[in-house]
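Commentary on secondary and tertiary structure
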Amino acid sequence: MTDLIVTEDKIIERILTMELVRVTERAAVASARLRGHGNEKAADQAAVDAMRRELNRLPIDGTIVIGEGERDEAPMLFIGEKVGTTKGPKVDIAVDPLEGTTLCAKDMPGSIAVMAMAQAGTLLYAPDVYMDKIAIGPGYPKGVVDLDNTPEENIAALAKAKGCKPNEITALVMDRPRHAELISRLRAIGCSIRLITDGDVVGVIQCAEPSTGIDIYLGIGGAPEGVLAAGALRCVGGQMQGRLILDTPEKVARAATMGIKDPKKKYELNELASGDVVVAATGVTDGSLLSGVKFRGDVIETETIVYRSLTGTVRRIAGEHRELSKFHID
Ligand code: VTB
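Residues numbered from 1 in each chain as written. Predicted model: local features only at pLDDT ≥ 70, side-chain atom pairs only at ≥ 80, totals over all residues. Heavy atoms only, no water.

In terms of helices and strands, the protein chain carries nine helices and 14 strands. In terms of principal-axis extent, the alpha carbons of the protein chain reach across some 60 × 40 × 40 Å. Looking at the protein chain as a whole, 55% of its 330 residues qualify as buried. In the protein chain, of all internal contacts separated by at least 6 residues, the share reaching a separation of at least 24 is 70%. Here the protein chain contributes 40 positively and 47 negatively charged side chains, and the mean placements of these two sets differ by 2 Å. (Helix = DSSP H or I, 4+ residues; strand = E, 2+ residues; numbered from the N terminus. Buried < 20%, exposed > 50% of the residue type's maximum accessible area, 1.4 Å probe, protein only. Contact = heavy atoms within 4.5 Å. Lys, Arg positive; Asp, Glu negative; His and termini not counted. Charge placed at Lys NZ, Arg CZ, Asp CG, Glu CD.)

Looking now at the domain arrangement of the protein chain. Here the protein chain is described as being made up of domain 1 (2–123 + 276–327) and domain 2 (130–272). Its C-alpha centre places domain 1 at a distance of 23 Å from the equivalent point of domain 2. Taken residue by residue, the interface counts 30 residues in domain 1 and 22 residues in domain 2. Summed over both partners, the interface of domain 1 with domain 2 buries about 2,100 Å², with 67% contributed by carbon and sulfur atoms. The tally of links between domain 1 and domain 2 comes to zero salt bridges. Among the secondary structure elements, those contributing two or more residues to the side of domain 1 that touches domain 2 are strand S3 (90–99), helix H3 (101–105), strand S4 (112–119), strand S13 (299–308) and strand S14 (313–322). (Domains from an automatic or database assignment. Buried area = accessible area lost by both parts, 1.4 Å probe. Salt bridge = Lys/Arg side-chain N within 4 Å of Asp/Glu carboxyl O.)

This part covers the pattern of salt bridges. All told, the structure shown has 21 salt bridges when counted by the stated rule. With its nearest N and O atoms 3.0 Å apart, the salt bridge here joins Asp61 to Lys90. Of this pair, Asp61 sits in strand S1 (residues 61–66) while Lys90 is found in strand S3, placing the two residues 29 residues apart along the sequence. On the basis of relative accessible area, Asp61 is assigned to the buried category, the value being 17%. Between Asp198 and Arg176 there is a salt bridge; the shortest N-O distance is 3.4 Å. Here Arg176 lies in the loop between strand S6 (170–174) and helix H5 (180–188) and Asp198 lies in the loop between strand S7 (192–196) and helix H6 (200–205), a separation of 22 residues in the sequence. You can call Asp198 partly exposed: its relative accessible area is 22%. Look at Arg176 and you get partly exposed, because its relative accessible area is 24%. Overlapping salt bridges, with partners in common, bring together Asp146, Asp148, Arg243 and Lys266 in one network.

Under the 1.5 Å per step criterion, the end-to-end length of helix H7 (residues 223–236) is 20 Å for 14 residues, consistent within 8% with the ideal 20 Å. For H7, the tally of buried residues reaches 13 of 14 residues, placing the bulk of the element in the interior. (Expected span 1.5 Å × (residues − 1).)

So, about the site of the ligand. By nearness alone, every residue bordering the ligand is listed as Glu99, Gly100, Tyr130, Met174, Arg176, Arg178, Asp198, Gly199, Asp200, Gly221, Gly222 and Glu225. Gly199 has a polar backbone atom sitting 2.9 Å from an oxygen atom of the ligand. Gly222 places a polar main-chain atom, nitrogen or oxygen, 2.8 Å from an oxygen atom of the ligand. Protein coverage of the free-state accessible area of the ligand, which is 410 Å², stands at 77%. Mapping the ligand onto the cavity grids shows that it belongs to the largest pocket. In terms of residue class, the shell around the ligand is built from two nonpolar, four polar and six charged. (Near = heavy atom within 4 Å. Polar contact = N/O pair within 3.5 Å; in protein donor to acceptor, adjacent residues only side chain to side chain. Areas by Shrake-Rupley, 256 points an atom, 1.4 Å probe, with all protein chains shown as cover. 1 Å grid on protein atoms, 1.4 Å probe; cavity = no way out; pocket = protein on both sides within 12 Å on 5 of 7 lines; lining within 4 Å. Sits in = over half its atoms within 2 Å of the grid points. Nonpolar A, V, L, I, M, F, W, Y, C, P; charged D, E, K, R; others polar.)

Within the secondary structure layout, Asp107 lies in the loop between H3 and S4. Judged by its relative accessible area of 46%, Asp107 falls in the partly exposed class. Along the backbone, Asp107 and Gly121 are 14 residues apart, and their C-alpha atoms lie at a distance of 36 Å. Once you skip the residues sitting within four places of it in the chain, Asp107 turns out to touch Arg35, Gly36 and Thr285.

Another aspect to go through is the layout of surface pockets. Its volume calculated, the largest pocket comes out at about 820 Å³. The set of elements that each furnish at least two residues to the lining of the largest pocket consists of helix H2 (40–55), S3, H3, strand S8 (216–222) and H7. The leading source of residues in the lining of the largest pocket is H2, at five residues. Taken together, the residues of the lining of the largest pocket sort by class into 10 nonpolar, eight polar and 13 charged. (Points joined across faces, edges and corners; volume = space filled by probe spheres on them.)

Inspection of the secondary structure assignment puts Arg322 in strand S14. Within the structure, the side chain of Arg322 is placed 2.6 Å from the side chain of Glu320, a separation counted as a polar contact.

The topology assignment puts Asp96 in strand S3. For the buried Asp96, no salt bridge exists, and the shortest N-O distance to an oppositely charged side chain is 8.8 Å, to Lys133. Once residues lying within four places of it in the same chain are set aside, the contact partners of Asp96 are Glu68, Ile112, Ala113, Val114, Glu225 and Leu228.

Once that is clear, we can look at the nonpolar core. As a rule of thumb, soluble globular proteins bury nonpolar side chains together. Of all hydrophobic cores here, the largest spans 48 residues; its most connected members are Leu123, Met240, Leu244 and Tyr307. If one sorts the elements of this core by residue count, H7 sits on top with eight residues. Split by domain, this core shows at least three residues from each of two domains, domain 1 (2–123 + 276–327) and domain 2 (130–272). Among the nonpolar cores identified, the runner-up in size contains 34 residues, and Val21, Val48, Val95 and Met117 belong to it. (Core = buried A, V, L, I, M, F, W, Y, C linked by side-chain atoms within 4.5 Å.)

Rendered as structure tokens:
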């Protein structure tokens, strides 16, 4: 569980924990209907529409802080958009209605519908850019790895803390040309690398799950995915740091409008998500964390995982949704 002391004003109404499940379930079912159709945009749009509709039914005064993009490029769930009935607590919302659009379009493992909710002002308010990230699971001394250390230093320190050799460490890295140097340096020290094509929210979360065999996440992925993963890690107690990649004056200016004064700032886990944060994810395609949506006649089955950082509670919820019902799921 997190060692961060969360003050009263940063605690979310716990009833909302379960409300998130409906939102990600709906988004997952909507995009799963387009699973394997080869149309990323359509699958993503279906998830966005469903998530937005469901979010707007919640008794919250919500603001999207991590969303589908900025207002000029995303008509829905854009950063800054207000969601909810407005009759309820002020909350920050981070969404990735379909994380792994390509995975869904190709019916490959690991796509999810995911969102986080926290008290207003406690999730990083950031533009849709890349983020350099490092993450490990719980049980290590604080600061054992650091984004500013070399990969060799980080692997050596982690191996020492784990009581093994660097060549017994498994790193998870996104399979991208930008990681060519990182991958060759890790291989040079004998590290095993699990490459993923997409889906680094789950990738980061899986560092905290010993059964996955992943010891560390390294490399550059999306910033939105970084904030969502941070919320879940805060619950299970891992360590993470992230740095936004603001490599053009335009991106620096965009970030500044969101209150980011230092474009090179290294964010600690409790700065990416500082309050009581709830994260929910529903599987779209089958994956190692979650099963995908199953359409079985009149019944639709979903699997959702919900993390709450304040209490460290992780819940897995198996849903059965009946299309026969007047209030059937979309
Ligand atoms: C990741 C991954 C996503 O985007 O964050 C990645 O988790 C980063 O961008 O599933 P690039 O694809 O440009 O490397 C996704 O792959 C797609 O949103």
